[in-house]
Amino acid sequence: MSETRKLVDALTGDLARWLPEQRWFAGKDRPVTGVRPLGVTELVEGDPQLLHVVVEVTQDDRREPYQLLVGRRTHPPEIASGSWIIAGGDLNAYEASADADLTGVLLDLMASEGRVGALGFGHEPGVELDTGLRARPISSEQSNTSLVYGGQYILKLFRKLTPGQNKDLVLHRALQEVGSKHIAQPLGSITGDLDGEPTTVGMLQQFIPDAVDGWAMATTSVRDLMAGPERHAEEVGGDFAGEAERLGRAVAEVHADLAEALGTEGVDADELDRTMKAMIARLDTVAGRVPELAEHAPALRASFETLRALPADSVSMQPIHGDLHLGQVLRTVTGWLLIDFEGEPAAPVEERHALRSPLRDVAGMLRSFDYAAQQMLVGQPDDPELVERAQEWSDRNRTAFCEGYAAVAADPRDQRELLRAFELDKAIYEVSYEHANRPDWLGVPLASIARIMRGDG
Ligand SMILES: Nc1ncnc2c1ncn2[C@@H]1O[C@H](COP(=O)(O)OP(=O)(O)O)[C@@H](O)[C@H]1O
Ligand SMILES: O=P(O)(O)O[C@H]1O[C@H](CO)[C@@H](O[C@H]2O[C@H](CO)[C@@H](O)[C@H](O)[C@H]2O)[C@H](O)[C@H]1O
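On a predicted model such as this, the values are computed, not experimentally measured, just so you know.

A.B. asks: What's the story with the environment of R62 in this structure? I'm lost.
C.D. replies: Note that R62 resides in strand 3 (residues 62-72). As for R62 and V32, which are separated by 30 residues in sequence, their C-alpha atoms are 9.7 Å apart. When residues no more than four places from it in sequence are discounted, the contact partners of R62 are G27, D29, R30 and V57.

Laid out in C-alpha cells, this is it:
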C-alpha cells in the first residue's frame, strides 16, 4: 500500500473525531457515523507534502462532501493544537491551510491555469495574478476557510461542497459583468470533481485591506450607546444610522444589478403557497429540535398561513444574496461591499440557487440590526434601561436601512406582511443555527420572535 493511501485510510478514522471540533463543520447537530475518501490529489510532493482531500461524511442518513488541505512533514512548523488530525508517529497529518510554505502553490496554479489530477485552476478572463505570495488564513470564525495572499487576494476554500458551480462564484461573475460597485472583483477559481460533475472548490477575489465589516461597526456603535445609557442613539458619537442608510442603498443597488444581469420573474399563487409551506416545514423541523421554539409554533404557523391572502403579483423573484447580515458587508473607504453570496449554509443547493424575493435579504439585514443590539444583553437581559436602549438602536437603524433601500427601489415597508413573514422565517433559521453553534445566543432570535409576534418588533 502506498504511503499516501495508508495515510488517507488512517485519516478517515481520525476525522470522525476531528471534524465536529471545526467551526466550519456544518453537521454539529448529530454524530459523525462514517468518513470515506472521495478524492485525494497530491499538490506538493515529498517532505513537506500537501494533499487536497475530499471526504464524504456520513451522519445517519445524511452524506455530505467536505474539502480539506492536509499537510505532512518530518519537521512540522508551529501547528495550532486544534489543527492536528493525526499527531505524532509516522503518519502525522495536520490541516494545512495555515501552513504558508505549502498554500502558495494554490495561487501559483491559478495564475498559470494549471491542472493537477482532478483539480483545475484558473483565473478570470483578462486577469493577471502575481505569484510567489505567502498566505495567511483569516482568523474570524466562518463557514469556510479563507486565505489572504500578500494583502492582495483572498482565496475562499469552500468546506462543505455542493456539486456544480458555487453560487458565490456565479453571482460574483454576473455582478462583475454588469459593473456592480458593491462587490470585490472575482479573480480566479479552483474546480474539482464531485460525482463526475465539475464543482467549484475555491474562489479568489480582490482583498480589500482596509475594509471593516458591518458587524464590527454596528456593535461598536451599540457599545458606545450602552456605555452611557442616559443618552439616546442619535446623541452618541458612534451613531450608525448614516451608515445603515448607505447600506440600504447599496443592497438595493445590488438587487438591481442582479436583476439586470440575471433577470427577474413574476410570481403566481402556487409559488406563494410553496413559499408559505416551506416556512411552515422549516418551523416544524426546528421546533421539533429546539423545545424553546415549540411554544411559539402554533402562532407562527397561523401567521405564515395568512400569506395565502396576499395578491401573488405583489412579489417578484430574482437571484438574491440569500444570507445577508452585517457580517456579510464590508465598509471600504468608498462605500459598502457585499460578500459571500452562497446563501444559507444549511439550505439545500437547489434552494440556494432558486430565484427568491429580494425582501428576504432586506429581512436578513433587519434581523441583523436586531442581533447587533440584542446580543449586548446576553448575560444581562433584565436591565430595563439597557433593554430600552437596545430596542431604540435597533429601531433607528432598521428604519434608516429601509429608507436607504427605498431611495433606490420600492420601499420594503410597503409589503409589511411579507417582510414580517420573511423576518420570522429568518429568525427560525437563526434559532436552529444558534442551537447548533452558539447555544448561549439562542435567546437572541427567540426573544425577537416573541417581540415580533407581540407586535413590538
Ligand atoms: N474581498 C475581501 N476583502 C477583505 N476581507 C474580506 C473579503 N472577503 C471576505 N473578507 C473577510 O473574510 C471573512 C469571511 O468571508 P466570507 O465570504 O463571509 O466567508 P464564509 O463563507 O467563510 O463565511 C469576512 O467576514 C471578511 O471579514
Ligand atoms: O456568515 P455565515 O455564512 O457563516 O452565516 C452563518 O453564521 C452567522 C454568524 O456568524 C449567522 O448570523 C447570525 O449571527 C450574526 C451575528 O453573529 C447576525 O448578524 C445575523 O443576523 C444572524 O443571522 C448566519 O445566520 C449563519 O448563516
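We are not done yet, so read on.
A.B. asks: Any chance you could explain the site of ligand 1 here in plain terms?
C.D. replies: Ligand 1 sits among 15 residues. The nearest are Q142, N144, K156, Q206 and I208. Side-chain polar atom of N144 to an oxygen atom of ligand 1: 2.8 Å apart, as the coordinates give it. One of the side-chain N or O atoms of D340 is found 3.0 Å from an oxygen atom in ligand 1. Contact with the protein chains covers 91% of the free accessible surface of ligand 1, which is 560 Å². Residues belonging to the shell around ligand 1 are distributed by class as follows: 7 nonpolar, 6 polar and 2 charged. Counting only domains with at least three residues in the shell around ligand 1, you end up with domain 2 (101-206) and domain 3 (212-454).

A.B. asks: Looking at this model, I keep getting lost on the sheet that holds strand 6 (residues 115-116). Mind explaining?
C.D. replies: In a beta sheet, neighbouring strands pair by backbone hydrogen bonds and run either parallel or antiparallel. Read from one edge of the open sheet, 7 strands run 6-7-11-12-10-9-8, paired in antiparallel fashion. The open sheet is flanked by strand 6 and strand 8 (135-137), the only strands paired with a single partner. When strand 11 (residues 186-194) meets strand 12 (residues 197-206), the two strands line up antiparallel, connected through 8 bridges. Following the sheet pairing, G188 is matched in strand 12 by L204.

A.B. asks: How should I be thinking about the pairing of strand 11 in this particular structure?
C.D. replies: When you tally the buried positions in strand 11, you get 7 out of 9 residues, the bulk of the element. In this structure, strand 7 (residues 119-123) lies alongside strand 11, joined through 4 bridges in antiparallel fashion. Directly across from G120, in strand 11, lies its bridge partner T191. Counting the residues that bridge the hairpin from strand 11 to strand 12 gives 2 residues, and of these D195 lies at a positive phi of roughly 50°.

A.B. asks: Quick question: what am I supposed to make of the domain arrangement of the protein chain here?
C.D. replies: Accessible area lost when the parts come together is the quantity often used to give the size of an interface. Taken domain by domain, the protein chain comprises domain 1 (3-97), domain 2 (101-206) and domain 3 (212-454). The gap between the C-alpha centroids of domain 1 and domain 3 is 35 Å.

A.B. asks: Looking at this model, I keep getting lost on the site of ligand 2. Mind explaining?
C.D. replies: The local shell around ligand 2 holds 15 residues, among which S143, D323, S368, Y429 and E430 are the closest. Q328 places a side-chain nitrogen or oxygen 3.5 Å from an oxygen atom of ligand 2. Alone, ligand 2 offers 530 Å² of accessible surface; in the complex the protein occludes 93% of this. Counting only elements with at least two residues in the shell around ligand 2, the list comes to helix 10 (359-374) and helix 12 (416-437). Counting residues per element, the shell around ligand 2 draws most heavily on helix 12, which supplies 3 residues. For the shell around ligand 2, a count of residues per class yields 6 nonpolar, 4 polar and 5 charged.

Criteria and cut-off values
- Residues numbered from 1 in each chain as written.
- Chains lettered and ligands numbered in written order.
- Predicted model: local features only at pLDDT ≥ 70, side-chain atom pairs only at ≥ 80, totals over all residues.
- Heavy atoms only, no water.
- Helix = DSSP H or I, 4+ residues; strand = E, 2+ residues; numbered from the N terminus.
- Contact = heavy atoms within 4.5 Å.
- Near = heavy atom within 4 Å.
- Polar contact = N/O pair within 3.5 Å; in protein donor to acceptor, adjacent residues only side chain to side chain.
- Areas by Shrake-Rupley, 256 points an atom, 1.4 Å probe, with all protein chains shown as cover.
- Nonpolar A, V, L, I, M, F, W, Y, C, P; charged D, E, K, R; others polar.
- Domains from an automatic or database assignment.
- Pairing = 2+ DSSP bridges.
- Buried < 20%, exposed > 50% of the residue type's maximum accessible area, 1.4 Å probe, protein only.

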